[in-house]
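Okay, here's what each chain looks like letter by letter:
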Amino acid sequence: MIDLWVFIPASFALNLAFGPNNLIAMTHGAQRSITFAAVASIARLAAFVPMIAASALGLGVLLSASATLFTIVKIVGAAYLVWMGIKLLRSTPSAAVDHEHLKPSLAMAFRREALIAISNPKAILIFAAFFPQFVDTSNYWLSYAVLGLIFVLLEAVAILIYAAVGRFAAAFASTRLHWFQRASGGGMIVFGMLLLFSRQPRGAV
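Residue numbering note: each chain is counted from 1, following its sequence as written. In keeping with the model being predicted, local features are shown solely for residues with a pLDDT of at least 70 and side-chain atom pairs are shown and tallied solely at 80 or more, while totals for entire chains, interfaces and linings include all residues. To get the side-chain values, take all heavy atoms of the structure and skip hydrogens and water.

### Structural notes on the nonpolar core
Soluble globular proteins tend to bury their nonpolar side chains together. We define a nonpolar core as any set of buried Ala, Val, Leu, Ile, Met, Phe, Trp, Tyr and Cys residues linked to one another through side-chain atoms lying within 4.5 Å. For each residue, the accessible area found with a 1.4 Å probe, counting protein chains only, is set against the maximum for its type, and the residue is called buried under 20%, exposed over 50%, and partly exposed in between. Residues F7, I116, F127, F131 and M188 are the most contacted members of the largest nonpolar core, which totals 39 residues. Helix and strand labels come from DSSP, where a helix needs a run of H or I of at least four residues and a strand needs a run of E of at least two; each type is numbered from the N terminus. If you list the elements that add at least two residues to this core, you get α2 (20-31), α4 (42-56), α6 (67-90), α7 (106-118), α8 (121-130), α9 (140-172) and α10 (177-196). Setting aside residues up to four positions removed in sequence, F127 forms contacts with F48, M51, I52, S55, P132, Y144 and F151. Contacts are residue-level and defined by heavy atoms, with any inter-residue pair within 4.5 Å sufficient.

Dropping the structure here:
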């Protein structure tokens, strides 16, 4: 039987943890709107579904055990985060430039969300290390599906929270949106470097 009273708050803590995906949701909220950020985040939630399925199939164990595979995924993910951070920094306009330049298209926002979600090897390891602690082995696939659904729903709530924070921050400093853009770019670079120098988890799964 799944211990939901423990799983839900523990999962929500993971959902709320500040990371590159939540940073981009906050950025989209500031640049466009809460609704825009929520729609763009569908790409992240869609990416999480096969990642959860992969963990259920045991691919998380492979990623955790293979130093080479983990390193390859880590480098690719770190490079993408740093590249996107640099793009955000370079797109900073002068005070005289219309802030419309800062607003991404929905297609661009979709790509950002999806690529950030799948570029971090620790995401699938979270599913592979965290979910098994709550899986009902007598109903393995059903319980994994229930846990995955709950995680995705809580992730959607976390996205709305971060998008709202970004939107309200932008509303209070509407003439300084380029500074928020710069901070977001810097944050992406920091997350990329942290990922690059992170160690392969041991004994996680």
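There's more to say after this.
### Notes on a nonpolar patch on the surface
Only residues above 30% relative accessible area that lack a salt bridge enter a patch, with like-charged residues linked at up to 9 Å and the nonpolar side chains Val, Leu, Ile, Met, Phe, Trp and Tyr linked at up to 5 Å. Exposure was quantified through the Shrake-Rupley algorithm and a 1.4 Å probe, taking into account, for residues, occlusion by the shown protein chains and nothing else. Should a side-chain nitrogen of Lys or Arg be within 4 Å of a carboxyl oxygen of Asp or Glu, the pair is scored as a salt bridge. On the surface, L4, I8, L142 and V146 cluster together into a nonpolar patch covering about 300 Å² of accessible area. Secondary structure elements with two or more residues in the nonpolar patch: α1 (4-16) and α9.

### Looking at the UniProt feature "transmembrane region" (unreviewed entry) in the chain
UniProt positions are given in the numbering used here, feature names are shortened, and annotations may be inferred rather than shown by experiment. Within this numbering scheme, the UniProt entry marks residues 6-24, 36-57, 63-83, 114-135, 141-165 and 177-197 as carrying the feature "transmembrane region" (unreviewed entry). End C-alpha to end C-alpha, residues 36-57 measures 33 Å, and it is 91% helix and 0% strand. Counted over residues 141-165, helix gives 100% and strand 0%. Its end C-alpha atoms are 36 Å apart.

### Here we look at the packing of aromatic side chains
Pairing of aromatic rings covers Phe, Tyr and Trp, the last counted by its six-membered ring, and requires centre-to-centre distances within 6.5 Å; plane angles under 30 degrees mean stacked, over 60 mean edge-to-face, and any other angle means tilted. Taken as a whole, this structure holds 14 aromatic pairs when the rule is applied. Both rings, one in F127 and one in F151, keep their centres 5.0 Å apart while their planes meet at 85°; by these two values the pair is edge-to-face. A residue pair is termed long-range when its members are at least 10 positions apart, and F127 in helix α8 and F151 in helix α9 qualify at 24 residues. For the pair formed by F127 and F151, the shared burial category is buried. Members of the aromatic cluster, each reached through a chain of ring pairs, are F7, F48, F127, F130, F131, F134, Y140, W141, Y144 and F151.

### Concerning α2
What a helix is expected to span follows from its residue count: subtract one and scale by 1.5 Å. The first and last C-alpha atoms of α2 sit 16 Å apart over 12 residues, in line with the 16 Å expected at 1.5 Å per residue. Counted residue by residue, α2 has 12 buried out of 12 residues, so it is predominantly covered. Of the positions making up α2, those classed as buried are P20, N21, N22, L23, I24, A25, M26, T27, H28, G29, A30 and Q31.

### Considering the confidence of the model for the chain
Mean pLDDT for the chain: 80, with 81% of residues reaching 70 or above. Within the chain, helix α3 (residues 34-40) carries the highest mean pLDDT (96), whereas helix α5 (residues 59-65) carries the lowest (66). Per residue, pLDDT captures the predictor's confidence, and it can take any value from 0 to 100. The low-confidence segment residues 94-98, where pLDDT is below 50, has zero contacts with residues more than four positions distant or belonging to other chains.

### Description of α4
Taking 1.5 Å as the rise per residue, α4 with 15 residues should run 21 Å; its terminal C-alpha atoms sit 21 Å apart, in good agreement. Regarding α4, the residues found buried are A43, R44, L45, A47, F48, M51, I52, A54, S55 and A56. Count one or two residues on from α4 and you reach G58, which has phi positive near 95°.

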